[in-house]
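Structure assessment
In case you want the letters, here they are:
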Amino acid sequence: MNRIAALVSKEFADLRHNPGVFLPALLTAIITIVLPFFVALVVPAWTGEHLSNSGDLQVAMQMLRTQHVLDGLDPEAAVQAWIFQQFLPLLVLAPVAASMSVAAYTVIGEKQARTLEPLLATPITTFELLSAKVMGALVPAVGLTLACFAIYGLGILVLAHSGAARILVAPRSLGMVFVLGPLAALAALQLAVCVSSRVNDARSAQQIGALIILPLAGLLVGQLTGTVALTGGWIAVIAGALVVLNAGLMLVGIALFDRESILTRWK
Amino acid sequence: MLAAAHLTRRFGQRVAVEDVTFEIERGEIFALLGPNGAGKTTTLRLLAGLIEPSAGEVLLGGHRVAQGNAARLRARVGFLTESPGLWDRLTVRENLLTYARLHGLPLPGPVVERSLATFNIGDRADEPAALLSKGLKQRVALARTLLHNPDIVLLDEPTSGLDPESAHDVRDLILGLRDDNRAVVLSTHNLDEVDRVATRVAVLRQRLLALDTPRSLRERLFGHRLRVVLTGHAGAFIPVLRAGGHPDVVADDNTLSIGTRDAMRDTPDVVRLLVEQGAAVVSVLPEEHSLEDVYLRLVREGAPA
């Protein structure tokens, strides 16, 4: 564990000295925070129409009935709450997707800078190395997500209809932010690091790592169109699948990380 | 202490190292010489436990190093790779601190501060590694290599690309390692460096072509020779020397080169014969072939000496 901490601390120091690499993640996070406010508050104010009058949003009312935390909300607040909740997966995934570039570059970067051989000459194990590389990208990404969630909540509390912020403490919302988000992030970043140790180009790792995001992005779209209802049960099932996937990815990552090939074939 | 026993490593069909056997003791600087692609770096990686041999074994204190205990070997080995391999954006101190922690040192901070002082890099400790000169980077890399106080130090071309002053500094540090009673394995192309620091030399071209002290290698390949400088033309004295029992004599202008079997016995005899014949002797010295001569002969001939 000390070696993981040592390498994670090195990764953080590297980010501290080069904060620009997290700029895309930061920009994406800002956009994902602003976007729901634009849809839920700015557009209705601009057009002078209430969201609760829209026939398209009646589906929202039906879905909200399953979340008791919103009992007693007036219709406008309820629709706003629905919109804010629908955008939560985007808020959770955007920083992860953006931090994928950090994870994808992590092993390839060491190869290119010729810093991997001295590192492998220490007693560090492959598990420790990969864990540290994943944590080095995961912790800032999850930290950014949580910071975004806090700002998001504060924004809803201040700007939205009274009571709409209660949606953020609904089990479904909390499950997405604190369970699904970190687990999906872990899987995506593990895959990126895994691929990073096998390919010679960071872009390949980034693109393959993004495959994890695709099904989750599909969920987001499904939710927005009303095709999928991400209930507590579904969150539990997806979380379970992600736990299994993460364990499998770590095992695969260790098996694929071929120290010898990295040292002898990669120039 | 550290031994290679019939070490062989293949990469697919290509044989990088074949049947290499040697042993290295504490207080020894063991130089690996060989042309590019001769298997020097592969041998160092095998010794460091970074790659596994296809056949043969690496022995540490008599115990075989295998995949299961390679981490234990790595804890005892300091490996200076061909490239300094510093994290450019991190400061010198951060680079060293990370490695001190990776080696599980109980007090990494004080160890790093001592190392910065020992290697005289304290004044650059808070600068990013990217800003250092090549010589300073190599010094930091050497400091990193020795942070965990390894008793076996593997150095892959430590002075490659350094200016003469930096190379001299690094050589002094290498001699310091020997004085600290560590076992040092040095891979290099710099024959002069080997001559200055190595206690033993292994010439490698996939197989081991020769293994001995630099002096013994010279003697085995070129024998003992005396170089006698006279004031006048030397050729006139060849018949006298041959008649006196020294058949291997060549002359070049005012210099004689005489093959000897026993320098202690033959040198006074050669001088006596020359002086008796009226030669004015300016100097008598053992004729030294350079290590380059030794190396080139071994590599060109390719057969084990």
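The shown structure was predicted, so the numbers you read here are calculated from the model rather than taken from an experiment. Per chain, residue numbering runs from 1 following the sequence as it is written. All chains are assigned letters beginning with A, and all ligands numbers beginning with 1, in the order in which they are written. Whole-chain, interface and lining totals are the exception, using all residues; otherwise, since this is a predicted model, local features are given only for residues with pLDDT of at least 70 and side-chain atom pairs are given and counted only at 80 or more.

**What about the pairing of strand β6 (residues 77–80) of chain B?**
All names here are of chain B. The condition is simple: Between the buried cut of 20 or more and the exposed cut of 12 or fewer other C-beta atoms within 10 Å of a residue's own C-beta lies the partly exposed class, and all C-beta atoms are placed from the backbone. Helix and strand assignments come from DSSP, with helices taken as H or I runs of at least 4 residues and strands as E runs of at least 2, each series counted from the N terminus. Should DSSP find at least two bridges between two strands, the strands are taken to pair.
Alternating residues of β6 divide into Val-77 and Phe-79 and Gly-78 and Leu-80, and every residue in both groups is buried. For β6 and strand β7 (residues 152–156), the ladder comprises 4 bridges, and the chain directions are parallel. Bridge pairing in β7 links Gly-78 to Val-153.

**Here we look at the interface of chain B and chain A**
Stated formally: Any residue pair is listed as a contact if its two C-beta atoms, each placed from the backbone, are within 7 Å. Residues were grouped as follows: Ala, Val, Leu, Ile, Met, Phe, Trp, Tyr, Cys and Pro as nonpolar; Asp, Glu, Lys and Arg as charged; and all remaining residues, including Gly, as polar.
Taken together, the 26 residues of chain B in the interface contact 24 residues of chain A. For the side of chain B that touches chain A, the secondary-structure elements that each account for two or more residues are α2 (70–76) and α3 (92–102) of chain B. Among the elements that take part in the side of chain B that touches chain A, α3 of chain B stands out by supplying 5 residues, more than any other. Its residues assigned to classes, the side of chain B that touches chain A shows 13 nonpolar, 6 polar and 7 charged.

**Focus: the nonpolar core**
Note the threshold: A set of buried residues drawn from Ala, Val, Leu, Ile, Met, Phe, Trp, Tyr and Cys, joined through C-beta atoms within 7 Å, is what defines a nonpolar core.
Counting 148 residues, the largest nonpolar core has Leu-189 of chain A together with Ala-31, Leu-154, Val-184, Val-185, Leu-186 and Ala-202 of chain B as its most contacted members. At 15 residues, the largest contribution of residues to this core is made by helix α5 (residues 88–112) of chain A. Leave out the neighbours within four places in its chain, and Ala-31 of chain B touches Leu-186, Thr-188, Val-194, Ala-198, Val-201 and Ala-202 of chain B. With 10 residues, the next largest nonpolar core counts Leu-226, Ala-234, Leu-241 and Ile-258 of chain B among its residues.

**Considerations on the sheet that holds strand β11 (residues 224–230) of chain B**
All names here are of chain B. Under the convention used in this document: Axes here mean lines fitted to C-alpha atoms, for a helix over just the part in contact, with angles spanning 0 to 180 degrees between N-to-C directions.
A sheet is described by the order of its strands in space; here 4 strands give the open sequence β12-β13-β11-β14, paired in antiparallel fashion. Of all the strands in the sheet, just β12 (249–252) and β14 (281–286) have a single pairing partner and so form its edges. Recorded for the sheet is a direction-independent mean angle of 20 degrees between the axes of neighbouring strands. Inspection of the sheet shows β11 paired to β14 by 5 bridges, in the antiparallel sense. Residue pairing across strands places Leu-230 opposite Val-281, the latter belonging to β14.

**So, the sheet that holds strand β4 (residues 55–60) of chain B**
Residue and element names in this part refer to chain B. One open sheet holds the 4 strands; their spatial order is β2-β1-β4-β5, and the pairing between them is antiparallel. Of all strands in the sheet, those bounded by a partner on one side alone are β2 (14–24) and β5 (63–64). As defined by bridge partners, strand β1 (residues 2–11) adjoins β4 across 5 bridges and the pair is classed as antiparallel. From the neighbouring strand, Ala-5 faces β4, where its bridge partner is Glu-57. Docked against the sheet, helix α1 (residues 40–47) engages β1, β2 and β4, running at close to 120 degrees with respect to β1.

**Description of helix α2 (residues 23–47) of chain A**
Residue and element names in this part refer to chain A. Keep this limit in mind: By this rule, a helix spans an expected 1.5 Å times one less than how many residues it contains. Note that bend, as reported per residue, equals the angle between axes fitted to the 7 residues terminating at that residue and the 7 residues originating from it.
For α2, spanning 25 residues, the distance from its first C-alpha to its last is 34 Å, which sits close to the expected 36 Å at 1.5 Å a residue. The axis of α2 is deflected most strongly, by about 45 degrees, at Phe-38. Gly-48, located one to two residues past α2, shows a positive phi value of around 75 degrees.

**Topic: the domain arrangement of chain B**
This is how the line gets drawn: In this document the domain limits rely on a domain assignment from an automatic tool or a database.
When its domains are assigned, chain B resolves into domain 1 (2–212) and domain 2 (223–289). For domain 1 of chain B and domain 2 of chain B, the distance between their C-alpha centroids amounts to 45 Å.

**Section: α1 of chain B**
Residue and element names in this part refer to chain B. Across the 8 residues that make up α1, a large majority, 8, are buried. Residues of α1 that are buried include every one of Lys-40, Thr-41, Thr-42, Thr-43, Leu-44, Arg-45, Leu-46 and Leu-47, and no others. Of the residues flanking the end of α1, it is Gly-49, one or two places downstream, whose phi is positive at about 75 degrees.

**Brief notes about the packing of helix α8 (residues 214–222) of chain B against helix α11 (residues 291–301) of chain B**
Two quantities define a packed helix pair, namely the angle between the axes and the distance from one axis to the other. All names here are of chain B. Threshold: Should an angle fall under 35 degrees it is taken as roughly parallel, and over 145 as roughly antiparallel, whereas 65 to 115 is taken as roughly perpendicular and any remaining angle as oblique. By convention the crossing between two helices is left-handed if the near helix lies anticlockwise of the far one by an angle smaller than a right angle, and right-handed if it lies clockwise.
Where α8 meets α11, the axes come as close as 10 Å, and the angle between the chain directions of the two elements is 60 degrees. Classified by the angle between their axes, α8 and α11 sit oblique to one another. Crossing hand, α8 versus α11: left-handed. Packed against α8, whose contacting residues are Pro-214, Leu-217, Arg-218, Leu-221 and Phe-222, the element α11 presents Leu-291, Asp-293, Val-294 and Arg-297 at the interface.

**Notes on the environment of Glu-113 of chain B**
Residues and elements named next belong to chain B. You can see Glu-113 is positioned in helix α4 (residues 108–118). Note on Glu-113: 16 C-beta atoms within 10 Å, which makes it partly exposed. Sequence separation between Glu-113 and Thr-42 is 71 residues, and the spatial gap between their C-alpha atoms is 33 Å.

**Observations regarding the pairing of strand β13 (residues 255–260) of chain B**
Working note: regular strand, side chains alternate between the two faces of the sheet. Residue and element names in this part refer to chain B. Judged from the 6 bridges that link them, β11 and β13 form a sheet pairing that is antiparallel. Residue pairing across strands places Arg-227 opposite Ser-257, the latter belonging to β13. Bridge count for β12 against β13 is 4 bridges, and the pairing is antiparallel. Within β13, the residue paired with Val-250 across the bridge is Ser-257. In textbook terms, the turn of a hairpin is the stretch between consecutive antiparallel strands, and for β12 and β13 this stretch comprises 2 residues, one of which, Asp-253, has a positive phi near 55 degrees.

**Considerations on the confidence of the model for chain B**
To keep things clear, this is the line we draw: Predictor confidence is given residue by residue as pLDDT, running from a minimum of 0 to a maximum of 100.
Averaged over chain B, the pLDDT score is 87; the fraction of residues at 70 or greater is 99%. This prediction of the complex comes with two scores: 0.81 for pTM and 0.81 for ipTM.

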